[in-house]
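# Working through the structure, step by step
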Amino acid sequence: MGEECPLTMASHPEEIELKHWPVASQLNPGPLKTLLHKLGLEKQYPNKLTLRSLLEINKDSISDDAVDSLKAVPRYFLRKLLIVNADCRSCTCLPEDESSIDLYRDENPEDNEVNLLDLITALFFCADSFLQQEMALKMSMCQFAVPLLLPPGTGSQSTLMLWALRAILKEWRPHALSESKGFEEGNIVFEQIPFISFVRLKDCSISKSQLLNHIFSSGQQIHNIFPHKDMDGGTAPKTISGGLVEACWYLPCGKSNVGGFPEPLTVANLRGDICASQAQFSFLTQVSTAIFIFLDSVDEDEQKLLLSLGDMGSKLFLVVNSKGEESRNAETSVNEIMEAFKLKSNNKLIWRTNANLAKCSHSIRKPLKYILKECTSKISIESMSNDAIELGLSVDECMTEASKSAAEEILKGIGDQSIVDYKRNQLPLQGEHWKQLAKLEKEECRLKNSGESRLEEYRAKLQQDKLKIRREQNKYKTTTAMASFLGYLATTDKEEKALFLKWLQLKLDIRSQKDMSSLRNRFQEQSLVKQGNKCLEELDQCILDSSLGIEHFMREMGQIYEASSLGNPQASAEHCPLPALAAELLLDGYPFELLDGDASNIPEKWVTDVLMELHRKVGEKSKLLVLTVLGVQSTGKSTLLNTMFGVQFPVSSGRCTRGAFILFLKVGEDMRKDLHCDFILLIDTEGLKSPSLAQLDESCEHDNELATLVIGLSDVTIINIAMENSTEMNDVLQIAVHAFLRMKEVGKIPVCHFVHQNVAGVSAHNKNVTDRKHILDRLNEMTQIAAEMEKRASVNRFTDVLDYDADKNNWYIPGLWHGTPPMAPVNTGYSVAVLDLKKNLLEVLKTCRCEEPSQIPEFIEWMKSLWKAVKYENFIFSFRNTLVAQAYDNLWKEMTQWEWESRKNIYTWQTKADLQISNLEVNSFEIQSEIQDLQKSLKSEALKMVATLEKEMTEKLDAYYKKKDRNVSLIEKNKIDFFHHIWDVHRDILNTENNKLDMAVKLKISTIEADDIHRKQKVRIEQKVLQLLQNPSDNKTPLSDEQLEDEFGKMWSQEVVKIKGLEEQDIPSHVFKQLIRDFSNRNVNEEFQNVETLTAYGMEPFKARDRHICTMTKFKLKMMFGREKKAKESLQRFSESVIDTCRRIILDSTKSQTDYHDSLTKEVLEKINKSLKENYKDLKTNTKFEVDLKLHICGIASREFLQMHRNFLLRKDPQKRLEESKNQYLSAFIDLYRERDHCQRKAQDFVQHSLRPAILQYINSQ
């Protein structure tokens, strides 16, 4: 920092400039103007300095150089404060030239230092309301006192900083809850607690601030809560901070030996003489539970001031400095005051000249304990606003009432109902419909529950179900709460919008905290009475569902937008502006939900349109570098990001809001060239491996999906590890690496940094070298196992998947707190270590890039591609780590082999049973009972055989578990599932065999009936011809061929109506299902879903392609270009050899006279698998090659096996055999009719023309 660096306003086009503060375009001459000029803050007064301007990523944000001018002091202080570095208060003095230090030199301190209180006061004058809140919050975390009453400045009134303190949340444990380990939490401005004020008369020689630091740091290292004269800048004259009232909070930890007070209390410290700050003093007398006045003496005017306060009762405590003669002179006036207020002797405390701070602090601590014990007067800071207004003071949030009312209007609907009910009524689209839609989207990719349905039909059903849900969502009208929320977001006044959102978040936090506190208490009660797990699981889920924040309203906003895109055009046009509103919030620094953790899904259209709108708003200059932090729950990952970049991701001791959130940080001009990007995109995730979620459905799967997604999106991933849960994080990493191996192409290799928290000591890095090696060895071992499972021969180490250097990419950070919370400040070493990490990460982003940073459109496409791969992953995410997955996969393969052995045995038996039924001699329907008896006997035999096979398979499973090798103990909890699977398999086998026996019997009966028709057809044709010839109506003229065909058809239909034919089976579908089963537990669903007709594959010669060669990234493929041609040639020869071998097996199978059976496809697949297993390491093939090769061969098999099936039907189907004879019988029918008809007509002619006349002549002649 070689030159002055005065604070400047943010240059961001979307910056919020608050307007509700008084405008002072020109400062009046005086101390404030002089100080602001000295600090370079004139242009920021009043309230023009914004939080957003301080979050920009620039060289100043990572600089740790000492200040070289007073104008650089404010930015240095704020930069340190925002990363919660307690050393921020050490910048008030400029460094001296060490070569010319003169301890006796008397020079004006105003030239090179500023009073710390003046600096803080000036910054609060210049900060906007949001920066004031953030400053107060970070000061509170550092255990610094924060401004409660701000001095008048250029105005005439002091200001109660109620708004500035609203963001401070605290947790504590009163001594009464120490045994139960309970705690209380709340927003500090709402807490009704004792309020103790400390003031002084004139220039009291007692250091009030130092004494207070001793009192409220008791039991721990003394911490400078209140600035004092012995600190840097403490001796510089105060020019504007007189009348400042600072406040801090003493909060007990539940241990009587740590800290001296059993209950919380607020401590206020008035700076300066009470005579010079009478308005502030009057306010303190109104709101205080007790007031301690420090004094050396009391003159007449001061005595009058004190006596004018009215009836103070026991509120007043006098701390009198004993200084010999001066003390005796003051004693009379002090006694008069005590008499006037009727104070007891205990209300006067004497500071002895020989007493030290420790002894005096002990003396004051006694009355404080008494006050807390007997206290009935408690007050909240919020309730002080009325007192402040009555006394003529201003309140900082008075101008925000409109925004406050708007937020309260939205929450009015909650009333006495639970948050769960409120969300169901007012935020309905993100409820069960959205969660069910997420499940359908994953099922559409994974097809786990397709059963026996055709995949095309099952997918179509899923798509219809999705459309139905969206239509159901479209039926909902915008609720009252959402209509109000969207209305306020649409306002063009950025100040009002920002204030509204802040008020809404504060109100929502209060209500959520209230509901969750009640639920946690119920959970503790239930766990103590040992209720069943189901009850505790329901409470766990209820706690999760009771979280309510702005993110839930934004989530509903996204669902409204997505649902309207499928609705009517009018609704779609109405909600068209929603992405623009969300994009504006992103630009203003609000986190945006990328992945909804409750549904474990990404609303892709909503996220895409919001990010594209952002891309347009920044003039299409949106190059991104992505940084993610990932860690087990409650390891401080959000705190790490907040400390590193000064941002405001929600921090909680429990996981309430689930998912992944993104936040954009603008890169300054001075670093844009080095980083080659416009924004740093931060991704914060929910804590993984939550104990409270361990029993909930799909918790492990959700965590693994989330980890894989965010690591894949990142340029740099911070793996946050606390030493006590490094195993859990190691497990998550294994699954993420395994998932990347199962994907077609990762695209880029994220840089991976391990942050080990709660590890202090300068030797930590060297002493933990063994641990680092152990972690890397473990990850390498698991990566090799995963590569073996996924047949990725080119992957041998963890670093083949993620960029990781065991020496350079490990960081050891001390614990966050310096002491015992809640009174412990943030550890300065923590902030320093985090800043070093930030510098290193930015250097990594500068130098280690193989490709240009992506812009938002490219980021969106990669996000979609990665999420699609995650959705298609149907196996690995269900497991805790790779070893468990391997153990499960090994047993599954054994189970699959056992299952096929059972099916082959039953297939052999079934072939014999079919032959037995077929050879049964039954010549008449009178003895069909023989068939039924045989059918019953065979079914009984099948039942016994299946029971035997099931028993054998169960015994094999028992024996497998008893071996205790191959990590089988890791899947002990899956044992019952495998037993259930055995039972299901053999029930399926038995049902299939019974159906086949029924079909064989029906075929036999139909064959008998068909043979009977053949035998009797000649007789029936003759009978039908005689019937037709005897019909009087047909005797006049002979029937035509068409009429005869019609008559024959009627007769034929009656004859064959009972003959049941054999239906042609969808053989390609059977082959395809066997192919899918062969890829069980493999990530190939996406490829198979693109298969429309299996018979279309294998028509053209197979060609080895680039995509068949095993690489992790496109970059690696380019690097191996020289070897690519040779590898493809070897792969082509191997492919042709396997295809020829399998073709011969297929053709040999089709030569048999039997019908198709799945074992034929299984035999072909086993041959391919054997060839691949023997050669995949040499060939370095990948899953894509295996899929394409098997599709090619199974395409050939499907056509050949289909023709084999059709040939079998031609030979065996009785209906087809009858149909083949139909024309023959029709011809015989027509010929017989013509022949009989000709004879009959000849006979008629003979009778009519010859015989009849002769007979008539004979009769007449008689």
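Residues numbered from 1 in each chain as written. Predicted model: local features only at pLDDT ≥ 70, side-chain atom pairs only at ≥ 80, totals over all residues. Heavy atoms only, no water.

We apply this condition: UniProt positions are given in the numbering used here, feature names are shortened, and annotations may be inferred rather than shown by experiment.
You'll find the protein entered in an unreviewed UniProt entry as Up-regulator of cell proliferation-like, with Oncorhynchus kisutch given as the organism. Reading the Sequence similarities (unreviewed entry) entry of the UniProt record for the protein gives the comment "Belongs to the TRAFAC class dynamin-like GTPase superfamily. Very large inducible GTPase (VLIG) family."

### A closer look at the overall build of the protein
The criterion, for reference: In DSSP terms, a helix is any run of H or I states spanning at least four residues, a strand is any run of E spanning at least two, and both are numbered starting from the N terminus. Buried, partly exposed and exposed residues are distinguished by accessible area as a fraction of the type maximum, computed with a 1.4 Å probe on protein chains only: under 20%, between the cut-offs, and over 50%, respectively. Note on definitions: a residue-residue contact is assigned when non-hydrogen atoms from the two residues lie within 4.5 Å. What sets the accessible areas is the Shrake-Rupley method with a 1.4 Å probe; for residues, cover comes only from the shown protein chains.
What the protein contains, in helices and strands, is 43 helices and 18 strands. Going through the 1262 residues of the protein one by one, you find that 55% of them count as buried. When contacts within the protein are restricted to residue pairs at least 6 apart in sequence, those whose partners lie at least 24 apart make up 80%. A total accessible area of about 57400 Å² is found for the protein, and carbon and sulfur atoms account for 49% of it.

### As for the environment of glycine 819
Position of glycine 819 among the secondary structure elements: in the loop between strand 18 (810-813) and helix 31 (828-847). The spatial distance from the C-alpha of glycine 819 to the C-alpha of glutamine 221 is 7.9 Å, given a sequence separation of 598 residues.

### What to know about empty space enclosed by the protein
What counts is decided by this rule: The pocket and cavity definitions rest on a 1 Å grid over protein atoms only: a 1.4 Å probe that fits but cannot leave marks a cavity, an open set with protein on both sides within 12 Å along at least five of seven lines marks a pocket, and residues lining either have an atom within 4 Å of a point. Grid points are joined across faces, edges and corners, and a volume is the space filled by probe spheres set on the points. Residue polarity follows a fixed list, in which Ala, Val, Leu, Ile, Met, Phe, Trp, Tyr, Cys and Pro are nonpolar, Asp, Glu, Lys and Arg are charged, and the others, Gly among them, are polar.
Inspection of every chain in the model, using the stated rule, returns six cavities of 30 Å³ or more. Empty space within the largest cavity amounts to approximately 170 Å³. Together, 16 residues line the largest cavity, and Leu54, Leu55, Ser61, Arg79 and Leu82 are the ones closest to its centre. Listing elements by their share of the lining of the largest cavity, those giving two or more residues are helix 2 (51-54), helix 3 (59-62), helix 4 (73-82) and helix 25 (637-645). Considering every element that reaches the lining of the largest cavity, the biggest residue donor is helix 4, with four residues. Partitioning the lining of the largest cavity into residue classes produces seven nonpolar, four polar and five charged. Counted as a void, the second largest cavity has a volume near 70 Å³. Every residue along the wall of the second largest cavity is listed here: Trp434, Met554, Arg555, Gly558, Gln559, Phe592, Glu593, Pro603 and Trp606.

### Brief notes about the nonpolar core
What counts here: In this text, buried Ala, Val, Leu, Ile, Met, Phe, Trp, Tyr and Cys residues form a nonpolar core when linked through side-chain atoms within 4.5 Å.
One finds Phe216 and Phe292 to be the most contacted residues of the largest nonpolar core, which totals 159 residues. Here phenylalanine 292 is in contact with Ile196, Ser197, Phe198, Val199, Phe317, Val319, Leu349, Ile364, Pro367, Leu368 and Ile371, once residues within four sequence places are set aside. Formed by 120 residues, the second largest nonpolar core is a distinct cluster that contains Leu776, Tyr804, Tyr960 and Ile982.

### Things to note about the packing of helix 1 (residues 31-39) against helix 5 (residues 116-126)
Helix packing for two helices is described by the angle between their axes and how far apart those axes are. How we decide: With axes taken as lines fitted to C-alpha atoms, and helix axes fitted only over the stretch in contact, angles between N-to-C directions fall between 0 and 180 degrees. Orientation categories follow fixed angle ranges, with anything under 35 degrees roughly parallel, anything over 145 roughly antiparallel, 65 to 115 roughly perpendicular, and all other angles oblique.
Where helix 1 contacts helix 5, the axes come no closer than 11 Å and their chain directions differ by 90°. Of the possible angle classes, the one that applies to helix 1 and helix 5 is roughly perpendicular. Contact with helix 1, carried on its side by Leu32, Leu35, Leu36 and Leu39, involves Asp118, Leu119, Ala122, Phe125 and Cys126 of helix 5 and no other residues of that element. Of the residues in the contact of helix 1 with helix 5, the class split is eight nonpolar, no polar and one charged.

### Some words on a nonpolar patch on the surface
Threshold: Patch membership requires over 30% relative accessible area and the absence of a salt bridge. Like charges are linked within 9 Å, and nonpolar side chains (Val, Leu, Ile, Met, Phe, Trp, Tyr) within 5 Å. Any Lys or Arg side-chain nitrogen located within 4 Å of an Asp or Glu carboxyl oxygen qualifies as a salt bridge.
Among the surface-exposed residues, Ile1255, Tyr1258 and Ile1259 lie close enough to one another that they form a single nonpolar patch of about 320 Å² accessible area. Under the relative-accessibility criterion, isoleucine 1259 is labelled exposed at 52%.

### Description of the pattern of salt bridges
Here the structure, examined in full by the defined rule, presents 54 salt bridges. Of the charged contacts in the structure, one is a salt bridge between glutamate 593 and arginine 555, with a shortest N-O distance of 2.7 Å. Within this pair, whereas glutamate 593 is found in strand 12 (residues 592-596), its partner arginine 555 is found in helix 21 (residues 550-564), the two being separated by 38 residues in sequence. In this structure, glutamate 593 and arginine 555 share a single accessibility class: buried. Notably, a salt bridge pairs glutamate 899 with arginine 903, separated by 3.1 Å at the nearest N-O pair. Pair noted here: glutamate 899 and arginine 903 are both in helix 33 (residues 882-918), with a separation of four residues, about one helical turn. By relative accessible area, which is 3% here, glutamate 899 ends up buried. In this structure arginine 903 comes out as buried when scored by relative accessible area, which is 19%. Three or more residues are tied together by salt bridges with common partners; here these are Lys442, Arg446, Glu701 and Glu705.

### Overview of the pairing of strand 17 (residues 751-757)
Definition in use: Note: two strands are recorded as paired if DSSP finds a minimum of 2 bridges between them.
Burial analysis of strand 17 places seven of its seven residues in the buried class, the great majority of the element. Here strand 17 shows no split at all, with Val751, His753, Val755 and Gln757 on one side and Cys752, Phe754 and His756 on the other all buried. Across four bridges, strand 17 lies against strand 18 in parallel orientation. Residue pairing for strand 18: phenylalanine 754 is matched across the bridge by asparagine 810.

### Things to note about the sheet that holds strand 1 (residues 146-150)
As summarised here, the arrangement of the nine strands in space is 10-9-8-5-7-6-1-2-11, forming an open sheet in which the pairing is mixed. In this open sheet, the two edge strands, each paired with only one partner strand, are strand 10 (348-351) and strand 11 (394-395). Bridge count between strand 5 (residues 195-200) and strand 7 (residues 265-273): five bridges; the pairing is parallel. If you follow phenylalanine 195 over to strand 7, its bridge partner there is threonine 266. Against the sheet, helix 12 (residues 357-374) touches strand 5, strand 7, strand 8 (290-295), strand 9 (316-321) and strand 10, its axis set at about 155° to strand 8.

### Overview of the sheet that holds strand 16 (residues 716-722)
In space, the seven strands of this open sheet follow the order 12-14-15-13-16-17-18, with mixed pairing throughout. Looking at the sheet topology across the chains shown, the edges are occupied by strand 12 and strand 18. Direction aside, the axes of adjacent strands within the sheet are offset by 20° on average. Where strand 14 (residues 659-666) meets strand 15 (residues 679-685), seven bridges bridge the pair, whose relative direction is antiparallel. When the sheet's bridge partners are listed, leucine 665 is paired in strand 15 with isoleucine 680.

### What to know about helix 17 (residues 455-475)
Stated precisely, the cut-off is as follows: Multiplying 1.5 Å by the helix residue count minus one yields the expected span of that helix. Directions pointing from the helix axis toward each C-beta atom define the arc.
For helix 17, spanning 21 residues, the distance from its first C-alpha to its last is 30 Å, which sits close to the expected 30 Å at 1.5 Å a residue. Those residues of helix 17 not exposed but buried are Leu455, Tyr458, Arg459, Leu462, Lys466, Ile469, Arg470 and Gln473. Along helix 17, the residues classed as buried sweep out an arc of 120° about the axis, all on the same side. Pointing more than 90 degrees away from the buried face of helix 17 are the exposed residues Glu457, Lys468, Arg471 and Lys475.

### Things to note about unusual backbone geometry
In most cases, non-glycine residues show a negative phi, while peptide bonds are predominantly trans. Across the junction of tyrosine 45 and proline 46, the peptide omega takes the value -5°, indicating a cis bond. Turning to its location among the elements, proline 46 is positioned in the loop between helix 1 and helix 2. Here the bond from proline 821 into proline 822 is cis, since omega is 10°, no more than 30 degrees from zero. Checked against the element boundaries, proline 822 lands in the loop between strand 18 and helix 31. Phi at lysine 342 is positive, roughly 55°, even though this residue is not glycine. With respect to the helices and strands, the residue lysine 342 is situated in the loop between helix 11 (325-340) and strand 10. The class for lysine 342 is exposed, based on a relative accessible area of 76%. At serine 600, a position not held by glycine, the phi torsion is positive, near 55°. Within the element layout of this structure, serine 600 appears in the loop between strand 12 and helix 24 (604-617). Since its relative accessible area comes to 10%, serine 600 is described here as buried.

### Re the packing of aromatic side chains
Note the cut-off: Ring pairs shown here join Phe, Tyr and Trp side chains whose ring centres sit within 6.5 Å, with only the six-membered ring taken for Trp; geometry is labelled stacked below 30 degrees between planes, edge-to-face above 60, and tilted in between. Geometrically, a charge over a ring is one whose NZ (Lys) or CZ (Arg) sits within 6 Å of the ring centre while staying within 35 degrees of the ring normal.
As enumerated under the stated definition, the model contains 26 aromatic pairs in all. Seen in terms of ring centroids, phenylalanine 216 and phenylalanine 261 are 5.8 Å apart; in terms of plane orientation they differ by 40°. Their pairing is tilted. On the criterion of sequence distance, the pair formed by phenylalanine 216 in helix 8 (residues 208-216) and phenylalanine 261 in the loop between strand 6 (245-250) and strand 7 is long-range, its members being 45 residues apart. Like phenylalanine 216, the residue phenylalanine 261 is buried in the burial classification. When the ring of phenylalanine 1079 is compared with that of phenylalanine 1088, the centres are 5.4 Å apart and the planes differ by 75°; the resulting orientation is edge-to-face. Here phenylalanine 1079 falls in the buried class, since its relative accessible area comes to 2%. Take phenylalanine 1088: its relative accessible area is 4%, and that puts it in the buried class. Taken together, Phe198, Phe216, Tyr250, Phe261, Phe292, Phe294 and Phe317 form an aromatic cluster joined through their ring pairs. Across from the ring centre of phenylalanine 144, 3.7 Å away, lies the NZ or CZ of arginine 89, which sits over that ring. Its end group placed over the ring of tyrosine 961, lysine 975 keeps NZ or CZ at 5.0 Å from the ring centre.

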